[in-house]
Each structure stands twice: as structure tokens, then as C-alpha cells.
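# Descriptive structure summary
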Amino acid sequence: MRAPVSVREFEAAARERLDPAHYDYFAGGAGEEVTLRANEAAFGRLALLPRVLRGTDKPELGVTLPGGSASMPVLVAPTAFHRLADPEGERATARAAAATETIMMLSMASTVALEDVAAAAPGARLWFQLYVQPDLAFTKTLVRRAEAAGCRALVVTVDSPVLGSRLRDERNGFHDLPDGLCCENMRDGDRVRPLEFSPTISWEHVGRLIELTSLPVVLKGVLHPEDAGTALDLGVSGLIVSNHGGRQLDTVPATVDVLPEIAAAVAGAVPVLLDGGVRSGTDVLKALALGAAAVAVGRPVVWGLGADGERGAVRVLELLRAQIEEALALCGAASVHDLGPGLVRRVPPC
Ligand SMILES: Cc1cc2nc3c(=O)[nH]c(=O)nc-3n(C[C@H](O)[C@H](O)[C@H](O)COP(=O)(O)O)c2cc1C
Ligand SMILES: CCCCC(=O)C(=O)O
């Protein structure tokens, strides 16, 4: 079979190989999946307005963030359960991130323990994603483990006081990992703790985490500009505009549609990242033009992993890099730092 040439084709290739219930877990969203669809559709309603006769040889793609640098403005978003996509699971993803010199946000719900991921991919730049556990002592243990393993930032997911309802999983009866797989970070002595969500999570928890760790704390899942302001006052090091890939509250806006408001509220004080629906280099340029310092991709990397393991994940990331380079050249931009709102026009839905 010929190699996939787009993220969409990687999805099709992964779909052929994955158990249908697992494919649905990865692909699906919450409720009627209005937000899931909106994330991608919103990029489609933005057009690029290129400049001409500004040629340069080699565009600059690298970005520097509080948790280190990346060779391109595309990070790996934290996604759970990679061993459902490939036997090597998060080890393979981390090696792919290392090979492409980008940052991987490692999900707390990984099917390989964070120490084993770090050991399997020595050059990997890992940020650890945390769901605050109701047991704060265990939460602290996780933070210490992430620090000890060399993670360079703590990504606190704040859009999940409870888990959104995924109707595909309900239909498929997919509620637990198959035998032999578990959330390895939840091992505690002889038992594996259940991963819990914290319905009472508040700004106080974030404040305590910032005090607890010397790592930069990045909040993931901010959609309201007033929350962005509160986060800045508390001293976060970065924000990720995210609706969890449409998997939490359905009918929230597409992330790229709220990005300009958040970027305006933050006014450059800390980097603003975006995830949700990024499927191509032109999507990346649009997000950067509207104020993102970088984007993260969730499903695209899972599709690479599901299609061809570590090699597939590398190919997805390298495909996005090549598409960014091409789009920059065709937009007359020498660097990912050169992009502004003038590059983007809103077009009516077709
Ligand atoms: C299968 C899957 C699992 C996810 N697991 C997590 C997780 O463990 N922690 C987290 O903060 N976000 C999680 N997310 C959300 C992603 O980090 C990210 O916000 C989202 O996937 C971005 O949208 P995209 O898939 O359209 O790129 C998950 C998303 C998917 C698709
Ligand atoms: C129980 C792990 C939840 C992972 C997650 O965040 C997601 O599926 O969206």
C-alpha cells in the first residue's frame, strides 16, 4: 500500500488496523459531537491571504516555550491509552517526538509509566499532563515523579472536573482497558488506583501546584478570556486554548474561534497554545497568525501510531513540518514568528 500523504489518510490507515471500539474511543467526542466537528470546520472557514515577492530560502520554524524549545510549532497533545494503538504505546510516541525534536505532553492516563517513557526515549522533551486527583498526597507524588523523570513542564488539565459523555463509548460498551493494560502511572504499591476526576477542582489547586513545583505550570483547557486573566494573576507559565478535542462539554466553540479573544486577554504575558482540529500546515499557520505561539495535535499522532507505530507518528509530525514549510513559503513568510492577523480572512461557510 502506498504511504498516506495527509493526516486524513493516516486516519483511514489507522482505522483499518484498530479495533473498531478503540478507533471510536480515539476519534469520538462528547454528546452529539458538535464541538468535535466545529474544531475542524472552523479552520475551513478561515482563508489565508498570502503576500508575494518576499522570497526566502529556508523558513524558520523553531519555537521557544517555558518548558523548552521545539523544532517546529507543533507539539504532541496529551492523549490517553497509546497501547491501544501500538504495542509500544507511549514509548513509541516519545521516540517519535524525540526524533522530530518536538515536545510531547505525556498523558497521566498513559499505558506506559512515565519513568519508562522517559527511559525509552532519552532525548525526548516531555511535559507531564496532570489530572488533579482528589487524593492530593497522591497528586503530589505524581508531580515529584514527573520532576524526577526529567519532565520540563506540568500541564494541568482544567476542563475535566468530570468526564464528558462519549456516546460512541456507551454504544460500544467501551469503559475499561483490555486485560493487561492499565493507567500505569496510577500504580501505588500492589494496587492500581482508579484514575479519578476532581469535581471540586478550583483555582486554589492551581495556586498550590505552582507553589509545589519548580516546573513551569501550563493550564490546558481554557476557553474564557476571564479565566485567562485569572490564570495570569496566579502566575501560570502558559495557557492552552483547548476544548479537549470536543470530548468534554459539547457545543463549546471551536478553539480557533476563541483564540483571538484569549490572545488579546493575555497580551503576550505568557505563550498561548492551541489544540483542536489542527490537521494540516495551513491550519497551523492560521492558529499562529491569530495569536498562538504553537499548536498541539492529539488525534493526528494517534493515527500515525495506529497506522505504523513509531514510524507512523514520525511521518505525521514530519508531514506537518513539510506542510508548514510549504505554507510559509507560499505566504511570503520567512518565519513562524512573522505571522499576524492580516494573513487570515474569514470566509462564509460553503
Ligand atoms: C483519544 C484521546 C485521549 C485524550 N486524552 C487526554 C488526556 O489524557 N489528557 C488531556 O489533558 N487531554 C486528553 N485529550 C485531549 C487532547 O489533549 C487534545 O486536547 C485534543 O486531542 C486536541 O484535539 P485534536 O485531537 O483534534 O488534535 C485526549 C484526546 C483524545 C482524542
Ligand atoms: C480516563 C482517561 C481520560 C482520558 C481523556 O482525557 C480522554 O479520553 O479524553
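To start, this report covers the structure provided alongside it. (Residues numbered from 1 in each chain as written. Chains lettered and ligands numbered in written order. Predicted model: local features only at pLDDT ≥ 70, side-chain atom pairs only at ≥ 80, totals over all residues. Heavy atoms only, no water.)

## Let's talk about the site of ligand 1
To keep things clear, this is the line we draw: Nearness here has a simple test: a residue counts as near a molecule or strand if at least one of its heavy atoms is within 4 Å of that partner. Between N or O atoms, a polar contact is any pair within 3.5 Å; within protein, one atom must be a potential hydrogen donor and the other a potential acceptor, and residues adjacent in sequence are included only when both atoms are from side chains. In this description, accessible areas are obtained by the Shrake-Rupley approach with a 1.4 Å probe, and a residue is regarded as covered only by the protein chains that are shown. Here a cavity denotes grid points, spaced 1 Å and computed from the protein atoms alone, that fit a 1.4 Å probe unable to get out, and a pocket denotes an open set having protein on both sides within 12 Å along at least 5 of 7 lines; residues with an atom within 4 Å of a point are the lining. Think of it this way: if more than half of a molecule's atoms are within 2 Å of a pocket's grid points, that molecule is in the pocket or cavity. Only DSSP runs of H or I with at least four residues qualify as helices, and only runs of E with at least two residues qualify as strands; both kinds are numbered from the N terminus onward. Any residue outside Ala, Val, Leu, Ile, Met, Phe, Trp, Tyr, Cys, Pro, Asp, Glu, Lys and Arg is labelled polar, Gly included; the first ten of those are nonpolar and the last four are charged.
Around ligand 1 there are 23 residues in total, and Pro 78, Ser 107, Thr 157, Asp 275 and Arg 279 lie nearest to it. One nitrogen or oxygen atom from the side chain of Asp 275 is found 2.8 Å from an oxygen atom belonging to ligand 1. Protein chains bury 98% of the 600 Å² of accessible surface belonging to ligand 1 in isolation. If you map ligand 1 onto the pockets, it falls in the largest pocket. Of all the secondary-structure elements, those providing two or more residues to the shell around ligand 1 are α2 (20–27) and α12 (299–331). Of the residues in the shell around ligand 1, the class split is eight nonpolar, ten polar and five charged.

## Remarks on the pairing of strand β12 (residues 272–275)
Formally: Think of it in three bands: residues with accessible area under 20% of the maximum for their type are buried, residues over 50% are exposed, and the middle band is partly exposed, with areas taken using a 1.4 Å probe on protein chains only. Between any two strands, pairing holds if DSSP finds at least two bridges. Convention used here: a crossover is right-handed provided that the path from the first strand, over the helix, to the second strand proceeds clockwise when the strands point away from the viewer.
With burial as the criterion, each face of β12 is covered, one bearing Val 272 and Leu 274 and the other bearing Leu 273 and Asp 275. By the bridge criterion, three bridges tie strand β11 (residues 238–241) to β12 in an arrangement that is parallel. The residue bridging Leu 239 from the neighbouring strand is Val 272, located in β12. Handedness of the crossover joining β11 and β12 through helix α10 (residues 255–266) is recorded here as right-handed. For β12 and strand β13 (residues 294–297), the ladder comprises three bridges, and the chain directions are parallel. Paired with Asp 275 across the strands is Ala 296, a residue of β13. One crossover worth recording links β12 to the parallel β13 by way of helix α11 (residues 281–289), and it is right-handed.

## Here's the deal with the site of ligand 2
All residues in the neighbourhood of ligand 2 are listed as Tyr 25, Ala 80, Ala 109, Tyr 131, Arg 166, His 244 and Arg 247. Side-chain polar atom of Tyr 25 to an oxygen atom of ligand 2: 2.6 Å apart, as the coordinates give it. Between ligand 2 and Arg 247, the relevant distance is 2.8 Å, taken from an oxygen atom to a side-chain nitrogen or oxygen of the residue. For ligand 2, the protein covers 86% of the area, taking 290 Å² as the surface of the free molecule. A molecule is said to occupy a pocket when more than half its atoms come within 2 Å of that pocket's grid points, and by this definition ligand 2 occupies the largest pocket. Across the shell around ligand 2, the residue classes tally to four nonpolar, one polar and two charged.

## Quick notes on α10
How we decide: Helix span, as expected, comes to 1.5 Å for every residue beyond the first. As used here, the arc belongs to the directions running from the helix axis to the C-beta atoms.
With twelve residues, α10 should cover 16 Å at 1.5 Å per step; its first-to-last C-alpha distance of 16 Å lies within 8% of that length. Considered for burial, the residues of α10 that qualify are Thr 255, Val 256, Val 258, Leu 259, Ile 262, Ala 263 and Val 266. Across the axial projection of α10, the buried residues extend over an arc of 150°, all falling on one side. Following α10 by one or two positions, Ala 267 adopts a phi angle in the positive range, close to 50°.

## Quick word on the pairing of strand β5 (residues 103–106)
Moving residue by residue along a regular strand, the side chains alternate between the two faces of the sheet. Every second residue of β5 is oriented toward a common face, with Ile 103 and Met 105 on one face and Met 104 and Leu 106 on the other, all of them buried. The parallel pair β5 and strand β6 (residues 125–130), bridged by helix α5 (residues 114–120), forms a crossover whose chirality is right-handed.

## Quick word on the packing of aromatic side chains
Our working definition: Put simply, two rings from Phe, Tyr or Trp (the six-membered ring, in Trp's case) pair if the centres are within 6.5 Å, and we call them stacked under 30 degrees between planes, edge-to-face over 60, tilted for the rest. Each ring is checked for a lysine NZ or an arginine CZ that lies within 6 Å of its centre and within 35 degrees of its normal; such an atom marks a charge sitting over the ring.
As enumerated under the stated definition, the model contains six aromatic pairs in all. When the centroid spacing of 6.5 Å and the interplanar angle of 90° are considered together, the rings of Phe 26 and Trp 303 count as edge-to-face. A residue pair is termed long-range when its members are at least 10 positions apart, and Phe 26 in helix α2 and Trp 303 in helix α12 qualify at 277 residues. The structure contains a cluster of three or more aromatic residues connected by ring pairs, namely Tyr 23, Tyr 25, Phe 26, Phe 81, Phe 174 and Trp 303. Over the aromatic face of Phe 138 sits the side chain of Arg 193, whose NZ or CZ is 4.2 Å from the ring centroid. The residue whose ring lies beneath Arg 247 is Tyr 25, and the NZ or CZ to ring-centre distance is 4.8 Å.

## A look at the pattern of salt bridges
We apply this condition: We define a salt bridge as a contact between a side-chain nitrogen of Lys or Arg and a carboxyl oxygen of Asp or Glu at a distance within 4 Å.
Enumeration according to the criterion identifies 18 salt bridges in this entry. Put simply, Arg 311 and Asp 308 hold a salt bridge, and the shortest N to O gap is 2.9 Å. Here Arg 311 and its partner Asp 308 are both found in helix α12, three residues apart, which amounts to about one turn of the helix. For Arg 311, a relative accessible area of 54% gives the class exposed. Of the charged contacts in the structure, one is a salt bridge between Arg 315 and Asp 308, with a shortest N-O distance of 3.6 Å. Here the salt bridges do not stand alone but share partners, grouping Arg 8, Glu 40 and Arg 279 into one network.

## Focus: the packing of helix α1 (residues 7–17) against α12
Put simply, the test is: Axis definition: a line fit to C-alpha positions, over the contact stretch in the case of helices; interaxial angles, taken between N-to-C directions, run 0 to 180 degrees. Relative orientations are named as follows: roughly parallel for angles under 35 degrees, roughly antiparallel for angles over 145 degrees, roughly perpendicular for angles from 65 to 115 degrees, and oblique for any other angle. Working rule for contacts: check all heavy atoms of both residues, and any pair within 4.5 Å makes them a contact.
Remark: α1 packs on α12, axes separated minimally by 10 Å, with the N-to-C direction vectors making an angle of 170°. The orientation of α1 relative to α12 falls into the category roughly antiparallel. On α12, the residues that touch Val 7, Phe 10, Glu 11, Ala 13, Ala 14 and Arg 17 of α1 are Pro 300, Trp 303, Gly 304, Gly 306, Ala 307, Asp 308, Gly 312, Arg 315, Val 316, Leu 319 and Leu 320. Residue composition of the contact of α1 with α12, by class: ten nonpolar, three polar and four charged.

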